[in-house]
Amino acid sequence: MSAAMDVEERERLGISKIAVPLADEKMMKRCYKLVKKAVDAKMSRRGIKEVVKALRKKEKGLLIIAGNVTPIEVITHVPILCEEQDIPYIYVPSKADLGLAGASKRPTSCMLILTPKPEAEYQELFDKVKKQIIKRTPTWDTTV
């Protein structure tokens, strides 16, 4: 996958048009590695229901969303909840790969990686991924 995936490639993979920002190959690998480490540390929430519940309870972290969820209406409200609470989020192309990274036999539509405790082994990776997600996330001027 190229950094700027063209429209035909996105359609071929079943990735929604609203999947912005979409992780490139390198970022995707980092996200999956972070998911594996967070799941091992039991510091993650998996699936729409669990993630929305965690967001409503004001749990902090970063969100990884699958870009090929159908129907897309199932997850369209989640980025809005994240933006309201300043939680960075990124889309990855495949819900199957996200589920696999999360040690699940089932595809997963989204995963919330909770902010690690200071002594956590994935702290450095979490900070690096979070910084890169924030750089890629589009911002809108709401002062108009």
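Our subject is the structure listed above.
Because the structure is a prediction, the values reported are computed rather than measured.

Student: Can you walk me through the pattern of salt bridges in this structure?
Tutor: In total, this model carries three salt bridges according to the counting rule given. Between Arg 45 and Glu 59 there is a salt bridge, with its nearest N and O atoms 3.3 Å apart. Note that Arg 45 is positioned in strand S1 (residues 44-46) and Glu 59 in the loop between helix H3 (48-56) and strand S2 (61-66), a separation of 14 residues in sequence. Judged by relative accessible area, Glu 59 falls into the partly exposed class, the value being 22%.

Student: Help me understand the side chain of Asp 24, please; the structure alone is not making it clear to me.
Tutor: Tracing the sequence through the fold places Asp 24 in the loop between helix H1 (7-13) and helix H2 (25-40). Using a relative accessible area of 18% as the deciding quantity, one classes Asp 24 as buried. A polar side-chain atom of Asp 24 sits 2.9 Å from the main-chain amide nitrogen of Met 27.

Student: Explanation requested: the nonpolar core in the structure shown.
Tutor: Considering soluble globular proteins, one finds that nonpolar side chains tend to be buried as a cluster. Counting 46 residues, the largest nonpolar core has Leu 63, Ile 64 and Ile 113 as the members making the most contacts within it. When residues of this core are traced back to their parent elements, those giving at least two are H2, H3, S2, helix H4 (78-84), strand S3 (89-92), helix H5 (95-101), strand S4 (110-114) and helix H6 (123-136). With sequence-adjacent residues up to four places away left out, Ile 64 is seen in contact with Cys 31, Val 35, Ile 90, Val 92, Leu 98, Ser 109, Cys 110, Met 111 and Ile 113.

Student: Honestly, the pairing of S2 in this entry has me stumped. Any pointers?
Tutor: For a regular strand, side-chain orientation follows a simple rule: the groups alternate between the two sheet faces. Counted residue by residue, S2 has six buried out of six residues, so it is predominantly covered. Bridging between S2 and S4 involves five bridges; their strand directions are antiparallel. Within the sheet, the bridge partner assigned to Leu 62 lies in S4 and is Ile 113. Looking at chain direction, S2 and S3 are connected through four bridges and run parallel. The residue of S3 that forms the bridge with Ile 64 is Ile 90. Regarding topology, H4 serves as the crossover connection from S2 to the parallel S3, and that connection is right-handed.

Analysis parameters
Residues numbered from 1 in each chain as written. Predicted model: local features only at pLDDT ≥ 70, side-chain atom pairs only at ≥ 80, totals over all residues. Heavy atoms only, no water. Salt bridge = Lys/Arg side-chain N within 4 Å of Asp/Glu carboxyl O. Helix = DSSP H or I, 4+ residues; strand = E, 2+ residues; numbered from the N terminus. Buried < 20%, exposed > 50% of the residue type's maximum accessible area, 1.4 Å probe, protein only. Polar contact = N/O pair within 3.5 Å; in protein donor to acceptor, adjacent residues only side chain to side chain. Core = buried A, V, L, I, M, F, W, Y, C linked by side-chain atoms within 4.5 Å. Contact = heavy atoms within 4.5 Å. Pairing = 2+ DSSP bridges. Right-handed = clockwise from strand over helix to strand, strands pointing away.

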